[in-house]
Amino acid sequence: MTACALQSCLSSNTYSPEKCDRHLRKLYLCCSEMYHNQSSPGDGVKTTGNESSACPMPSVVGRWLKHHPEGNKSSR
């Protein structure tokens with residue numbers, strides 16, 4: 001449902017995508033959790049193979065979350 005809400009928000013706010021930050025935050029937090037739960041190669045643990053075409057690269061997710069702190073008022 002997060003992806004649908006994000007798509008609807010972006011469609012409604014074509015010229016103000018920052019109004020959709022709360023939806024992006026939900027998606028990126030989910031992506032971050034997925035990446036965090038994957039094991040690193042060589043650590044002796046099998047990887048889960050989790051991936052999603054909706055998730056950007058881990059570095060992009062981390063950077064976005066860093067630059068959009070939770071208390072950001074523009075996400076309303």
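Our subject is the structure listed above.
Let us look at the structure shown here. (Residues numbered from 1 in each chain as written. Predicted model: local features only at pLDDT ≥ 70, side-chain atom pairs only at ≥ 80, totals over all residues. Heavy atoms only, no water.)

Looking at the nonpolar core
Counting 12 residues, the largest nonpolar core is built from Leu6, Cys9, Cys20, Leu24, Leu27, Tyr28, Cys31, Met34, Cys55, Val61, Trp64 and Leu65. Contributing elements (two or more residues each) for this core: α1 (2-12), α2 (21-37) and α3 (58-67). Non-local contacts of Cys9, meaning those with residues more than four positions away in its chain, are made with Lys19, Cys20 and His23. (Core = buried A, V, L, I, M, F, W, Y, C linked by side-chain atoms within 4.5 Å. Buried < 20%, exposed > 50% of the residue type's maximum accessible area, 1.4 Å probe, protein only. Helix = DSSP H or I, 4+ residues; strand = E, 2+ residues; numbered from the N terminus. Contact = heavy atoms within 4.5 Å.)

As for the state of the cysteines
Evaluated as defined, the whole model comprises two disulfides. Here Cys31 pairs with Cys55 through a disulfide, and the sulfurs are 2.0 Å apart. Of note, the bridge from Cys31 to Cys55 carries an S-S torsion of about -85 degrees and is left-handed in sense. Of this pair, Cys31 sits in helix α2 while Cys55 sits in the loop between α2 and α3, and the two are 24 residues apart along the sequence. Assessed through its relative accessible area of 0%, Cys31 is described here as buried. (Disulfide = S-S within 2.5 Å.)

Comments concerning the packing of α1 against α2
Where α1 meets α2, the closest approach of the two axes is 9 Å, and the angle between their N-to-C directions is 150 degrees. Compared by their axis directions, α1 and α2 come out roughly antiparallel. For the crossing formed where α1 meets α2, the hand is left-handed. Residues Thr2, Ala5, Leu6 and Cys9 of α1 form the contact with α2, whose own contacting residues are His23, Leu24, Lys26 and Leu27. For the contact of α1 with α2, the class distribution of residues is five nonpolar, two polar and one charged. (Axes fitted to C-alpha atoms, helices over the stretch in contact; angles between N-to-C directions. Parallel < 35°, antiparallel > 145°, perpendicular 65-115°, else oblique. Left-handed = near helix turned anticlockwise from the far one by under 90°. Nonpolar A, V, L, I, M, F, W, Y, C, P; charged D, E, K, R; others polar.)

Points about α3
Here α3 has its buried residues at Val61, Trp64 and Leu65. Looking down the long axis of α3, one finds its buried residues gathered within 95 degrees of arc, a one-sided arrangement. Exposed side chains of α3 directed beyond 90 degrees from the buried face belong to Lys66 and His67. Residues of α3 that are buried in the fold lie against α2. (Arc of directions from axis to C-beta.)

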